[in-house]
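What follows is each chain in one-letter form.
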Amino acid sequence: PIIFNQDEVRKHEEAIAQAYEHRVIIFNRVSDILFGIGIIVSLVAFIVSPNIYNIVVFGIYIALLIGKEVGVSLSKLGTIVKKDTGQPLAGAIIRVFSATMGNEVIHKVTTETGKFYCLIPNGTYIVTIEEKQPDGTYAKVFTSKEFVVEKGTIRGTWGV
């Protein structure tokens, strides 16, 4: 079609993002339930028969529980959201520039849920974020201050 309703496209994109997030919530709940069942079974096995295998399995569950409660995150994903609505910014372009050289080092596109993965050498960078406009072009909506990457990835939640 030559002309299409951009509002309908945005509604569709938001519906996809919400459905995906709903699946993630359900998956997390099921995982938590299975984890709870597993730790209870391993505790009972440890109490009934404290052999080396049961001790190791129960110890692994305890280590995972501590890691989960303390907030150890293995995720190296970043997320772009709109500050005013909290909705993910799908299809946005993240451009990473070297703060010392001024050149673009890498660029990434966010998923339907506003997530991106950006592996980059440690250093000082500036990030710009471009949002897709109704006419298909992109407009710069955010420019960061200089920041230091120390663990090889750009992550966290970025509000635009």
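Everything discussed here concerns the structure shown above.
So, here's what we can say about the structure. What you see is a predicted model; the values in this text were computed from it and never measured.

**Things to note about the sheet that holds strand S9 (residues 156-159)**
Logical step 1: Across the sheet, which stays open at both edges, the four strands sit in the order S8-S4-S1-S9 with mixed pairing between neighbours. Each of the sheet's edge strands pairs with one partner strand only, and the pair in question is strand S8 (153-154) and S9.
Logical step 2: By the bridge criterion, four bridges tie strand S1 (residues 77-81) to S9 in an arrangement that is parallel. Along S9, the bridge assignment pairs Val81 with Gly159.

**Focus: the pattern of salt bridges**
Logical step 1: Under the criterion given, the structure shown has three salt bridges.
Logical step 2: Arg95 is paired through a salt bridge with Glu104; the nearest N and O atoms lie 3.3 Å apart.
Logical step 3: Classification of Glu104 as partly exposed rests on a relative accessible area of 32%.
Logical step 4: Glu130 is the salt-bridge partner of Arg95, the closest N and O atoms lying 2.8 Å from each other. Remark: Glu130 occurs in strand S5 (residues 123-132) and Arg95 occurs in strand S2 (residues 93-98); sequence separation between them is 35 residues.
Logical step 5: Relative accessible area serves as the criterion here: at 13%, Glu130 is assigned to the buried category.
Logical step 6: When salt bridges that share partners are traced, they join Arg95, Glu104 and Glu130 into one network.

**Here's the deal with the pairing of S5**
Logical step 1: The sheet contact formed by S2 and S5 spans six bridges and is antiparallel. Looking at the pairing, Phe97 lines up with Ile126 of S5.
Logical step 2: With three bridges joining them, S5 and strand S7 (residues 147-149) adopt antiparallel strand pairing. The residue bridging Thr124 from the neighbouring strand is Val148, located in S7.
Logical step 3: Across five bridges, the pairing between S5 and strand S6 (residues 138-143) is antiparallel. Its bridge partner being in S6, Glu131 is matched across the sheet by Ala139.
Logical step 4: Here S5 hands over to S6 after five residues, with Gly136 in that stretch at a positive phi of 95°.

Each value, and the rule that gives it
- Residues numbered from 1 in each chain as written.
- Predicted model: local features only at pLDDT ≥ 70, side-chain atom pairs only at ≥ 80, totals over all residues.
- Heavy atoms only, no water.
- Pairing = 2+ DSSP bridges.
- Helix = DSSP H or I, 4+ residues; strand = E, 2+ residues; numbered from the N terminus.
- Salt bridge = Lys/Arg side-chain N within 4 Å of Asp/Glu carboxyl O.
- Buried < 20%, exposed > 50% of the residue type's maximum accessible area, 1.4 Å probe, protein only.

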